[in-house]
Structure formats: C-alpha cells, structure tokens
Amino acid sequence: MVDYSRWKDIEISDDEDETHPNIDTPSLFRWRHQARIERMEEQKKEHEEFERKRVEHEKKLKEARQKLEEAKKQGLDMSELSKALKNLEKEEEEINKKANELKLKDKVTPWNVDTISKPGFDKTVLNVAPKRPKDEDLPEEEREKKMKEFVKEHEKELKQYGMFKRYDDSKRFLQEHPHLVGDNTANYLVIWCINLQMEGKEKLMEHVAHQCICMQYILELAKQLDVDPRACVGQFFTRIQIADAEYKTAFDDELRAFKERIRKRADEKIQEAIKEQEEEERKARLGPGGLDPVEVFESLPQELKTCFETQNIPLLQETIAKMPESEAVYHMKRCVDSGLWVPSANEGKGGDGEGSTEDAEKEEDQYAAVGGDA
C-alpha cells in the first residue's frame, strides 16, 4: 500500500497564505523563504559533516584491525591495540546511532516548494563498462617509473595473488583489489617467474606462471572488448571454470608455451650473468699494460709455457736464447704487460722497457716470477 502520510504536512508556498493588511507581505515572504533556505543548508552541512566523520572512522577501524592482525601473527603484545579497537567499535555504535537519528529527522521533515519537485536522480547511469586506460601511450621512461612505484606500493599483494591456487580465490581477491588488474601486475609476474627459474624453484615458477597467464587473458579480453580490464575479471573466471574443451586447450597451450619461454629466458640471463662475471674477473686480472695474463699465457709457444709453469728462470733464459730476437722481445714484452713477469726496480730505469735477449740472459734478477696459476 502506498504511504500518503508525507503529503499531509507539505509546507505551502511562501506566497499562498493570506496575511494581515498592515503587514508588508513581500518582505514576510522573503523572510520565510530565507529562513527555510538556511534551515536546509544547516541540514545539508550536518549530513556532510556526519559523512566525513563516518568515512574517517571506517578508515581508522580498518587500520586498527589490520595492525591487530599483524601483531597477532608476530606474537606481539596486543593489549593496547585491543583497547584501541574496542574504543573504535564503541564509536561505531555512536555513529550508527547518529545515522538512525538523521534518517528519522529527514523522514519527519516536511516537504516544501523547494524540495517537492527535487529530481529523484541527478544523473543517468548506464551499465556500461569503462573504457580501457591508455597507459600504452605513455613514454617508456614514464611507464617504467610507474611500474617501479606500483611494485613498491603493492608487492605484498602481488605475491599474494601469485600464490593462489583456486580460481574462486583469485577472482575474489582481484575484485577486492581491482587496482592490481593491469599490465604492471602481468609484467611483475613475468619477472618473478624468471627469477624463480634462475633460483632453481621450477615448481613455484610453474604455479606463478599460471596466475600470470590468467592476468594476461583478462587483459586480452579487455583489449578485445575495448573496456577497462577490471570489468573483465568476473567474466574471465566464469568462462575458464565452465570452459569448453577448445578454450581450455588454448589456455593450457599458452601456459605451456609461456613456461618454455620463461625457462629459455632464465637460461639466457644465467649465461649473461656468467659472461659478465668472467668479464669482471678478466678486467680485475689485467696487467700493467692492459693485457690479460690468461690470454697471453695461452698465446705463448709451448716451451715458454713450460718455463712459466715451472717458474724456472734458467730454463727461460735458455729458451729465449734459442729464439729469434724479435720473437723473444715480443713475447717477453707481452708477459710484462700482462703481469706474468714483473721487471725489477733496476729494469724500470731502462727507458723503453722492451729489453733484449741479452738482458734476459745476463741477469736473472731482472725479473721476478709472479704466480704459477696462469
């Protein structure tokens, strides 16, 4: 049955009732209207202030519960946090009480000429999914910066999503955390998969890879429909759970190919890391002339290699004496530049530092052997 009680107490228009002839009627009408406008403004401010306090209190209550949960997991003292939470819950009761009072006050407030024709809807709302964000139009540097900020702020939630096993859990989590639905999450999961494979955690990599493909399917669906990816979360998980054989096969094939790409990329990065390490080691062992002692040693004739391996100076002198002078000077200079042999202090005063076969033969204290590991 329709409730007509609100229509009984409508305030009439300011200029509809009769006034005494001696009263300035226009002024009275203006006073009445002004008083009603001020009354409505006060009521509006009261609602706005209450809403602000309610939102602020909900935020504090949520933070208090999160802190209490974290303290419980870490085994910390929860007495102060529990006390603060109880106080906030008491405040919540007062806020709910105030909300009921405001509702009652609104209900008993009579309609008037300014409110009776107030539209029931201020805007038309169509159930249309929002358009996709155009982040791909951003410069590379800007996208990279946003990615780093996103990961720094949401890494804990990203890892939590990556560890889910059931479709329903993933769906509920993404719907509760819609800010995670996007390219940044997919990119983070790809990098995480590569790192897990490099660490030898292949089983965990395969699990996270499944979550990554789910996110990529959501993004692809959003791209096809040209809508915001957040609007496709429910649609994807519903479809994958009741998928026909063709759709499920396509999903599994994509997942299998993705894991192979991850393994290949992880192997490449390991090889790159090994090469970088070898290059750093090579640079660290370069001699005073900028030559690598390992490379120089490998380039020596076998008879000179034997001299260096045994660190036999007399044998070195004998071997050099048998070699053509130009060849002997060439090899000895490379040995000095690579640090295989270090000239003595007296040799350092010789000028050009190239020396000769006679120099090597005359004084064996001109050179000191350096290491035998070459």
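Residues numbered from 1 in each chain as written. Predicted model: local features only at pLDDT ≥ 70, side-chain atom pairs only at ≥ 80, totals over all residues. Heavy atoms only, no water.

## Quick notes on a negative patch on the surface
Phase 1 of the analysis: On the surface, a cluster of negative charge is contributed by Glu-89, Glu-91, Glu-93, Glu-94 and Glu-101.
Phase 2 of the analysis: Of note, Glu-94 is situated in helix α2 (residues 79-108). (Patch = residues over 30% accessible without salt bridge, like charges linked within 9 Å, V, L, I, M, F, W, Y side chains within 5 Å. Areas by Shrake-Rupley, 256 points an atom, 1.4 Å probe, with all protein chains shown as cover. Salt bridge = Lys/Arg side-chain N within 4 Å of Asp/Glu carboxyl O. Lys, Arg positive; Asp, Glu negative; His and termini not counted. Charge placed at Lys NZ, Arg CZ, Asp CG, Glu CD. Helix = DSSP H or I, 4+ residues; strand = E, 2+ residues; numbered from the N terminus.)

## Side note on the pattern of salt bridges
Phase 1 of the analysis: This model, assessed by the stated rule, comprises 23 salt bridges.
Phase 2 of the analysis: In this structure, Asp-169 and Arg-166 form a salt bridge, with 3.1 Å as the shortest nitrogen-oxygen distance.
Phase 3 of the analysis: Two residues, Arg-263 and Glu-206, come together in a salt bridge whose shortest N-O distance is 2.8 Å. Note that Arg-263 is positioned in helix α8 (residues 245-284) and Glu-206 in helix α6 (residues 202-225), a separation of 57 residues in sequence.
Phase 4 of the analysis: Members of the salt-bridge network, linked through shared partners, are Glu-49, Arg-52, Glu-56 and Lys-60.

## Focus: the packing of aromatic side chains
Phase 1 of the analysis: Per the stated rule, a full pass over the model turns up eight aromatic pairs.
Phase 2 of the analysis: Look at Tyr-188 and Trp-192: their rings are 6.1 Å apart centre to centre, the planes differ by 45°, and that puts the pair in the tilted class. Of this pair, Tyr-188 and Trp-192 both sit in helix α5 (residues 183-198), four residues apart, which is roughly one turn of the helix. The same class applies to Tyr-188 as to Trp-192, namely buried.
Phase 3 of the analysis: Through successive ring pairs, a cluster of aromatic residues spans Tyr-167, Tyr-217, Phe-236, Phe-237, Tyr-247 and Phe-251.
Phase 4 of the analysis: Positioned above the aromatic ring of Trp-192 is the side chain of Lys-159, whose terminal nitrogen or guanidinium carbon lies 4.1 Å from the ring centre. (Phe/Tyr/Trp six-rings, centres within 6.5 Å; stacked < 30°, edge-to-face > 60°. Buried < 20%, exposed > 50% of the residue type's maximum accessible area, 1.4 Å probe, protein only. Lys NZ or Arg CZ within 6 Å of the ring centre and 35° of its normal.)

## Observations concerning the environment of Pro-293
Phase 1 of the analysis: By secondary structure assignment, the location of Pro-293 is in helix α9 (residues 293-299).
Phase 2 of the analysis: In this structure Pro-293 comes out as buried when scored by relative accessible area, which is 12%.
Phase 3 of the analysis: Measuring from C-alpha to C-alpha, the distance between Pro-293 and Trp-341 comes to 9.6 Å, with 48 residues separating the pair along the chain.

## What about α6?
Phase 1 of the analysis: Given a rise of 1.5 Å per residue, 24 residues ought to cover 34 Å, and the 34 Å separating the end C-alpha atoms of α6 matches this to within 8%.
Phase 2 of the analysis: Positive phi appears at Asp-226, one or two residues downstream of α6, with a value of about 55°. (Expected span 1.5 Å × (residues − 1).)

## Things to note about helix α11 (residues 313-322)
Phase 1 of the analysis: Those residues of α11 not exposed but buried are Ile-313, Leu-316, Gln-317, Thr-319 and Ile-320. The arc that holds the buried residues of α11, viewed along the axis, is 165°, so those residues lie on one side.
Phase 2 of the analysis: Capping the start of α11 is the job of one residue whose side-chain oxygen sits 3.0 Å from the backbone nitrogen of Leu-315: Asn-312. (Arc of directions from axis to C-beta. Polar contact = N/O pair within 3.5 Å; in protein donor to acceptor, adjacent residues only side chain to side chain.)

## Considerations on the nonpolar core
Phase 1 of the analysis: Core analysis: the biggest nonpolar cluster contains 42 residues, and Tyr-161, Leu-174, Ile-218, Phe-236, Phe-237 and Phe-251 have the highest contact counts within it.
Phase 2 of the analysis: Elements represented by at least two residues in this core include exactly α3 (140-162), α4 (167-176), α5, α6, α7 (233-241) and α8.
Phase 3 of the analysis: Among the elements that make up this core, the one with the highest residue count is α6 (12 residues).
Phase 4 of the analysis: Residues contacting Leu-174, with those up to four places away along its chain left out, are Tyr-161, Leu-180, Val-181, Met-215, Ile-218, Val-233 and Phe-237.
Phase 5 of the analysis: Residues Leu-304, Cys-307, Phe-308 and Ala-328 belong to the second largest nonpolar core, which totals 15 residues. (Core = buried A, V, L, I, M, F, W, Y, C linked by side-chain atoms within 4.5 Å. Contact = heavy atoms within 4.5 Å.)

## Here we look at the side chain of His-210
Phase 1 of the analysis: Structurally, His-210 can be placed in helix α6.
Phase 2 of the analysis: Residue class for His-210 comes out buried when judged on its relative accessible area of 18%.
Phase 3 of the analysis: At 3.3 Å, the side chain of His-210 and the side chain of Tyr-167 are in polar contact.
Phase 4 of the analysis: Once residues lying within four places of it in the same chain are set aside, the contact partners of His-210 are Tyr-167, Phe-251 and Leu-255.

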